[in-house]
Amino acid sequence: MWNWNVLAGVERVGGYLAGTWDPPTGEDGPGIIGDGSWPPVIGRVGAIALRAAAPATGTEHREALLAFLENWAGTPMADPSARLRTGVARADAKAVRDEHGATIATTWPHDGRCAVVQVRTGDADPPEFGEPADWVEVARGWGDAAQLRRLIALVRERGPMPWDPAAVRLLGAETGVSRAAAALLSIGDAGGIRTVPPLDPEQRAVLGLSTAEADAGYDELRRLTELERLELFAHVLPEDPAELWEPTGPGVLAARIAAAWQARFGRARQVPEETLAVLAEHPRLTLHTPAAHVCAAFMAPETHPLTARDHDPWLAEGLGGTYSTSEEQGVRWFQEFLFALAVALPIVYAELPAGDPVRAGLPATVAALRARLDHPGLLLSGGYTARHHESADELRALFGERPYVGPIPLTTASFDDGLSIATIAEPSEKYPHPFVRMYFRPARYGVDERSALLRQVTSGDAHVRNTVDMLRGDWCARVVERVAGDALPVGGYEGNPALSAPETVARVEKALGVEADAAALYLQLLAIERPSDRRIRLWNGWNAARHREAAAALVAAGVVVADKRARAGRGIFLPGDWAKARKPLWPIEVWKANLLGVRRIGDQVWEEQVWRLTLPELFAHAWDLVERGEGPG
C-alpha cells in the first residue's frame, strides 16, 4: 500500500534522522512516506529479509524488497547503537532536529495528532513538537546494517535460499497448522491482508501447493494482524544469513519459526491432510471460519477458545445502529463459528470416516457448544425484522417498555423482554430509514411464547438462531448418538449404506433383484445430495471397475438413466426432472431435492440440503417412498 516513492522516502528519513540530509528550501523534514505504515518495521525488518530470501518470492517482488533493505541498511533504523522510540504528538510540525537527535512525523494528522519517530544521538533529549505522548522504546533485534548487506549479497550471488519439503513437515508438526499454512510460514507469508498478487503457478509449484490448497492456507492464517506477521518473523533468521544456504538451513529456519509461533499462539494438534481437504472443498465454509479452524475446534473442544469458555458480550453503538461486542472480539468469532458449524457439522458426520479425529470430536464439540449456549450472559444476533415492525411504537408493543441495560449506556432506543432485545436507530442523512437490530439470549430461548414471538418477528437473516435450533434439536442428538456409539467400523463412512443401513440394502436387493453393490449404489443415488463417482468410490472402497458394474446393473434394472450433465461428476441419474445450480451449490434431481429439503426456484437450486434425518434414516425413508410408488420417475 506504499506509493511509488517509498524507497527515496526511506533514504530521506534515514538521512534526516542521521543528520546527513537537509530538506530543501520550504520543507521542514523528509515528508510522509506512503501511507505512514512503515515504523512497525523498525526492529522487525527480519520479516522483510525473510521474504526477500524465500524461494517462492517473485522476481519483481524480490528486487523491490532487496532495494528496500539496501536503503534501510543505510539508516539509523539499522544501527544497533541508535536509540529509537515511537510515540504520538500534537501535529504542530512535521520534523525538528538539533545536535541531540531528531523527531519526525510519520503520518498525516488525525484529530490534530500524528505518529512520530525519534532518534537520540546525544546525552540530552532531542527536540520535540506538539507534546509527544506514549513514548515506546523500540526493541532491536535481527537486521543491523551488516546482516542486511550480507543477506542482500548472498541472495544476489546464490539466488533464493533452498526449499526443503521436510522442513515444511517439521514446521507443521511443531505448530499444528496444515501443510499449506506451514509452506506459507516457511516463506514468511502469514496471510493477513494480501497486498501483492496471489501466488502464480510457478510459485505454487515451488511450494508443492494447488490453487485450492494455497487459498486454504491463506484462509487459515488470515486472522493474523499486520503487526503479528512482522513480529512472528522478526527474529527467526540466523545471526549469519549464510546458514540459510547450508543443507540444514531450511530445517533450522523451520524450527525457529515454529518456536516463534508456539510462543505467540501455542501448539495445536495437527489435522490430517485428508480431513482438511474434505472440509476445505466446501467454499461456503471459508466465508466465515476457515476449514482448519473448524477442524481445530472439533479436535480439542475442551481447550479451544471458542468452545471451552463462556462469552459475555454487550451492546455498543456505531454507524447505523448497535452491534454486539466483547473482550478480544470473542463473541464475534464465536458467532462466526456457529455459522461455520451449520455447514461443517453435517460434513463431519457424513463425509469423514469413523475413527477420524475430527469426527471423533463431534460429540464433545456439540456438548461444549450447548454449554456455551446455556450461559445466561451470552447474547447473539437475532436477525432482521419484517418491514412492518420498523417503528419504536411497534417494538414497544411487542417487547415491552424495559430498555436494555449494559456496561455502556445506549442512546439508541431499545426494548428488552428478557429473551429478545430490539434496538432501533433514528433516521439520519446517511441512514434515512429507521434500522432495527435484534439480539437474543440463547439461554432463555426455547418453546415459550417469547421464543415464538422472536421467530415470528425476525423473518430474515436468522442463521444464528437456526444453528441454535439445530444444536438443540433431535437430528443433532441422533447424529451425536451415531458417532459416539461407534456405529461404524474404523475407516467406514456413514454414506455407505452397506455399513450404515445393511437392512435397507437387503430390502433393495430383494425388490430389484440386484446384487448388494447395486442396491447400495441405488440408495446413494436416492438419498445423497452429491453422489459423485469420486465420493462414492471413496466411501464404498470401490475401484472404477466395481463401480461401473454396479451402475450397469441399475441401468439394466431400469431404475436409473445414463447421461452426461454439467457439474454432476457422475454418469447415472434418477429418472425425472433435473435442477441446475450455480456455484457453490450443486445440481440435483428434482425428486431428490424435494426429499432433502433443497430449496428451488423453478429449475434452479437456491439452497443446500436441510438435514432432518440421519443417513441410515434417510436411506430407509427414500426406499419406503419407492416401495409406496412415490419414487422418482
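Our subject is the structure that appears above.
Reading the values: rules and limits
- Residues numbered from 1 in each chain as written.
- Predicted model: local features only at pLDDT ≥ 70, side-chain atom pairs only at ≥ 80, totals over all residues.
- Heavy atoms only, no water.
- Helix = DSSP H or I, 4+ residues; strand = E, 2+ residues; numbered from the N terminus.
- Buried < 20%, exposed > 50% of the residue type's maximum accessible area, 1.4 Å probe, protein only.
- Contact = heavy atoms within 4.5 Å.
- Lys, Arg positive; Asp, Glu negative; His and termini not counted.
- Charge placed at Lys NZ, Arg CZ, Asp CG, Glu CD.
- Axes fitted to C-alpha atoms, helices over the stretch in contact; angles between N-to-C directions.
- Parallel < 35°, antiparallel > 145°, perpendicular 65-115°, else oblique.
- Left-handed = near helix turned anticlockwise from the far one by under 90°.
- Nonpolar A, V, L, I, M, F, W, Y, C, P; charged D, E, K, R; others polar.
- Salt bridge = Lys/Arg side-chain N within 4 Å of Asp/Glu carboxyl O.
- Phe/Tyr/Trp six-rings, centres within 6.5 Å; stacked < 30°, edge-to-face > 60°.
- Expected span 1.5 Å × (residues − 1).
- Disulfide = S-S within 2.5 Å.
- Core = buried A, V, L, I, M, F, W, Y, C linked by side-chain atoms within 4.5 Å.
- Pairing = 2+ DSSP bridges.

Undergrad: Looking at this structure, how should I read the overall build of the protein?
TA: Broken down by element type, the protein carries 26 helices and 18 strands. Principal-axis analysis of the C-alpha atoms gives the protein an extent of 95 × 70 × 40 Å. Within the span of the protein, comprising 633 residues, buried residues form 50% of the whole. In the protein, of all internal contacts separated by at least 6 residues, the share reaching a separation of at least 24 is 67%. Where the 66 positive side-chain charges of the protein centre and where its 83 negative ones centre are 4 Å apart.

Undergrad: Help me understand the packing of helix α13 (residues 330-351) against helix α18 (residues 463-472) in this model?
TA: For any two helices packed against each other, the geometry is given by the interaxial angle and the distance between the axes. Close contact between α13 and α18 brings their axes to 9 Å; oriented N to C, the two are set at 55°. One way to sum up the angle between α13 and α18 is to call them oblique. As for how α13 packs across α18, the hand of that crossing is left-handed. Mapping the contact onto sequence places Gln335, Leu338, Phe339, Leu341, Ala342 and Leu345 in α13 and His463, Val464, Thr467, Met470 and Leu471 in α18. Partitioning the contact of α13 with α18 into residue classes produces 8 nonpolar, 3 polar and no charged.

Undergrad: Explanation requested: the environment of Gly355 in the structure shown.
TA: On the secondary structure map, Gly355 appears in the loop between α13 and α14 (357-360). A C-alpha to C-alpha distance of 9.5 Å links Gly355 and Val483, two positions 128 residues apart in sequence.

Undergrad: How do you make sense of the environment of Pro575 when you look at a structure like this?
TA: Examined against the element boundaries, Pro575 turns out to sit in the loop between β14 (572-573) and β15 (578-579). Look at Pro575 and you get partly exposed, because its relative accessible area is 22%. Once the C-alpha coordinates of Pro575 and Val405 are considered, the two residues, 170 residues apart in sequence, prove to be 59 Å apart. Apart from residues lying up to four places away in sequence, Pro575 is in contact with Val559, Val560, Pro632 and Gly633.

Undergrad: Before we go on, may I ask you to explain the pattern of salt bridges in this structure?
TA: Oppositely charged side chains can form a pair if their charged atoms are brought close together. Tallied over the entire structure, the rule returns 36 salt bridges. A salt bridge links Arg223 to Glu336; the shortest N-O distance between them is 3.5 Å. Here Arg223 is found in the loop between α8 (211-221) and α9 (226-233), whereas its partner Glu336 is found in helix α13, with 113 residues between them in sequence. On the accessibility criterion, Arg223 (28% relative accessible area) is partly exposed. By relative accessible area, which is 19% here, Glu336 ends up buried. One salt-bridge network, in which partners are shared between bridges, spans Glu281, Glu351, Arg530, Arg534 and Arg535.

Undergrad: What's the story with the packing of aromatic side chains in this structure? I'm lost.
TA: Inspection of the entire model under this criterion finds 9 aromatic pairs. Ring plane angle 85° and centroid distance 6.3 Å describe the contact between Tyr349 and Trp611, whose orientation is recorded as edge-to-face. Of the two residues, Tyr349 sits in helix α13 while Trp611 sits in the loop between β18 (604-605) and α26 (615-627), which places them 262 residues apart along the sequence. Here Tyr349 falls in the buried class, since its relative accessible area comes to 0%. Given the relative accessible area of 22%, Trp611 is considered partly exposed. Here the aromatic rings of Tyr522 and Trp623 are separated by 6.3 Å at their centres, their planes lie at 85°, and the arrangement is edge-to-face.

Undergrad: How should I be thinking about the packing of helix α1 (residues 6-18) against helix α3 (residues 59-73) in this particular structure?
TA: Between α1 and α3, whose axes approach to 9 Å, the crossing angle comes to 10°. Considered as vectors, α1 and α3 are oriented roughly parallel to each other. Within the contact between the two elements, α1 uses Leu7, Ala8, Val10 and Glu11 and α3 uses Ala67, Phe68, Asn71 and Trp72. Residues belonging to the contact of α1 with α3 are distributed by class as follows: 6 nonpolar, 1 polar and 1 charged.

Undergrad: I keep staring at α26 and nothing clicks. Help me out?
TA: The end-to-end C-alpha separation of α26 is 18 Å, in line with the 18 Å expected for 13 residues at 1.5 Å each. Considered for burial, the residues of α26 that qualify are Leu615, Pro616, Leu618, Phe619, Ala620, Ala622, Trp623 and Leu625. Elements that come into contact with the buried residues of α26 comprise α13, α19 (474-484), α20 (497-500), α21 (502-512), α22 (516-527) and α25 (590-596).

Undergrad: What should I look at first to understand the state of the cysteines in this one?
TA: Disulfide: a covalent bond formed between the sulfur atoms of two cysteine residues. In this structure the tally under the stated criterion is 0 disulfides. No disulfide involves Cys295; its sulfur sits 17 Å from the nearest other cysteine sulfur, which is in Cys476. Classification of Cys295 as buried rests on a relative accessible area of 0%.

Undergrad: Just to check I follow, could you spell out the nonpolar core for this structure?
TA: General note: in soluble globular proteins, nonpolar side chains tend to be found buried as a group. Grouped together as the largest cluster of nonpolar side chains are 98 residues, with contacts concentrated most on Leu279, Leu345 and Leu380. If near-sequence neighbours (up to four positions away) are discounted, Leu345 is found in contact with Phe298, Leu362, Val366, Met470, Leu471, Trp475, Cys476 and Val479. Counting residues in hydrophobic clusters, the runner-up holds 75 residues, among them Ala47, Ile104, Val138 and Met161.

Undergrad: Is there a simple way to think about the sheet that holds strand β5 (residues 133-137) in this case?
TA: Spatial ordering of the open sheet is given by β2-β3-β4-β1-β5, a layout of 5 strands whose pairing is antiparallel. Each end of this open sheet is capped by a strand with a single partner; those strands are β2 (95-98) and β5. Strand-to-strand twist in this sheet, taken as the mean axis angle between neighbours without regard to direction, amounts to 15°. Bridge analysis of strand β3 (residues 101-105) against strand β4 (residues 113-120) gives 5 bridges, and the strand direction is antiparallel. When the sheet's bridge partners are listed, Ala105 is paired in β4 with Val116. Here α1 sits on the sheet and contacts β2, β3 and β4; the angle it forms with β3, its principal contact strand, is near 145°.

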